[in-house]
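Residue strings, one per chain:
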Amino acid sequence: MAAIKFGTDGWRGIIAEDFTFANARTVAEAIARYVVRGEDARKGVIVGYDHRYASDTVARRVAETFSSTGTPVWLTNRPCPTPAVSYLVRERAAAGGVVVTASHNPYQWNGIKYKASYGSSALPSIIAQIENELHFIESGNIPALPARPELIYSLDPRKPYLDALEKLVDWERIQKSQLRFVFDAMHGSAAGLLPELFLRHAIVCNEIRGTHDPRFGGTHPEPIEPHIAPLQRAVTAGKYDAGFAADGDGDRIGAVDRSGAFVNPHQIFSLLVWHLAGMRNLPGEIAKTFSVTKLIDKLAAKLGRKVHEVPIGFKYICELMLEQNILIGGEESGGIGTSLYLPERDATVSALLLAELMAWHGKSLGELLDALHREFGEHHYGRVDLDVTAQQKASAITWFSDGQASKILEWPVVRRETMDGIKLYLGEIGWVLVRASGTENLLRVYAETSQQEATRRVLKAVGTRILSQ
């Protein structure tokens, strides 16, 4: 049996190699054992699935596995985004939820996410308990219990989820603005959701790539460049005011300005902080992961809000949102959550709030970003992922961590931080971060400076240095 290892938000594997029916059942058994021991299993679980190959079949197997423990199961009757399952867990006070999805990964992958009873990513302490159950199952020959079909119920996830989201924004303001939008579902499970919400209020929102395609049209269902090129073309060809995109399971957002320019996740997060903490003046502090733009810090200082910086992974933001009054939290990959809704990422919620922001000011996303840059300075972000040998990875970490890297190009290293990876601050111009994957020989290099060309040069210089070892 292929090795099973939980990542920051569940387990993923390549279909038919790692992600097999047998492995999926093992993971489901481990989660079910945790629910029986760590939660009130009598409250039941929600099981949903995305558009990937065999996700519906695996979801049925997951439901059967839970039912065999005497746990009631509500199995969605159609594909749905991950945050819909999170919402249903919270709304029904369920013991937890499972989503069969590999999120933004290429079509060859599938996976299983567990959502805890509070309606978001499982905390590290919960993942540790599930992993303990997983090790127990893998170490012994435990006979499978028979499924109990009478404990499996069908559930339509769409209406209660959309009804909840509809309460989050000022529809009259958006409607009066006469803004026109286009949504790129990227063939994922968020298809049709944003257009339906806008249609309820007679607001134009057309959709592209909304069909169910397990191969995602041959591209990665991740709402970043170059994967959202079709959305960029649609925005300019249709003269829309903005375009929004969601990843394969609908929890990460991407956006395109009316000019066709890509609006990256850091810019989206900054705009939403500005809107919620500034324009709407809602109470609460701000959380961000270690790799997120420093523009958030400048905004927070101007708005009198405390910033909490956490390791990379939305589960750390979720943990803070459960413990403290966090208005909004975001990560580098486009996952953003707010206290208006759930301690959970949701691309549809983020898109609604961006539309409200545009209507509030009567400006495009590009114009709003220009206003932020004029007040707080320019912030240009970039990232490269390097396939490296074990030796190259070890050498890079040593070079960054022990003071050998005293200068990058013409900029001196003035400070180091090691919360999650190693971040070097380069004089007054910005920073660069190197972070190693824990499961493969991969190094991620992130950089942010005040000049677009400087960011490109820093990424190139660091990448060349790492690969030359």
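Refer to the structure presented above.
Residues numbered from 1 in each chain as written. Predicted model: local features only at pLDDT ≥ 70, side-chain atom pairs only at ≥ 80, totals over all residues. Heavy atoms only, no water.

**So, the pairing of strand E3 (residues 73–76)**
Part 1: As paired elements, strand E2 (residues 45–49) and E3 share three bridges and run parallel to each other. Note on E3: the bridge partner recorded for Val47 is Leu75.
Part 2: For the crossover that starts at E2, traverses helix H2 (residues 55–67) and ends in the parallel E3, the hand is right-handed.
Part 3: With four bridges joining them, E3 and strand E6 (residues 152–155) adopt parallel strand pairing. From the neighbouring strand, Leu75 faces E6, where its bridge partner is Ser154. (Pairing = 2+ DSSP bridges. Helix = DSSP H or I, 4+ residues; strand = E, 2+ residues; numbered from the N terminus. Right-handed = clockwise from strand over helix to strand, strands pointing away.)

**Comments concerning the sheet that holds strand E13 (residues 307–310)**
Part 1: With mixed pairing, the four strands of this open sheet are ordered in space as E13-E12-E14-E15. Looking at strand neighbours, the two that pair on one side only are E13 and strand E15 (336–338), the edges of this open sheet. Between one strand and the next, the sheet's axes are offset by a mean angle of 15 degrees, whatever the strand orientation.
Part 2: Direction of pairing for strand E14 (residues 326–330) relative to E15: antiparallel, over a ladder of three bridges. Pairing of Ile328 across the sheet is with Thr338, part of E15.
Part 3: Relative to the sheet, helix H9 (residues 265–279) contacts strand E12 (285–289), E14 and E15, its axis offset from that of E14 by approximately 170 degrees.
Part 4: Its contacts with the sheet put helix H10 (residues 295–303) on E12 and E13, and the angle it makes with E12 is roughly 170 degrees. (Axes fitted to C-alpha atoms, helices over the stretch in contact; angles between N-to-C directions. Contact = heavy atoms within 4.5 Å.)

**What about the nonpolar core?**
Part 1: Ranked by internal contacts, the top residues of the largest apolar core, which has 71 residues, are Ile174, Phe181, Phe198, Phe244, Leu271, Ile328 and Leu354.
Part 2: The dominant element in this core, judged by the number of residues it contributes, is helix H12 (residues 347–361), at 10 residues.
Part 3: Residue contacts for Phe198: discarding those within four places in its chain leaves Trp171, Ile174, Phe181, Ile203, Cys205, Leu352 and Ala355.
Part 4: Ile31, Val58, Ile317 and Cys318 belong to the second largest nonpolar core, which has 46 residues in total. (Core = buried A, V, L, I, M, F, W, Y, C linked by side-chain atoms within 4.5 Å. Buried < 20%, exposed > 50% of the residue type's maximum accessible area, 1.4 Å probe, protein only.)

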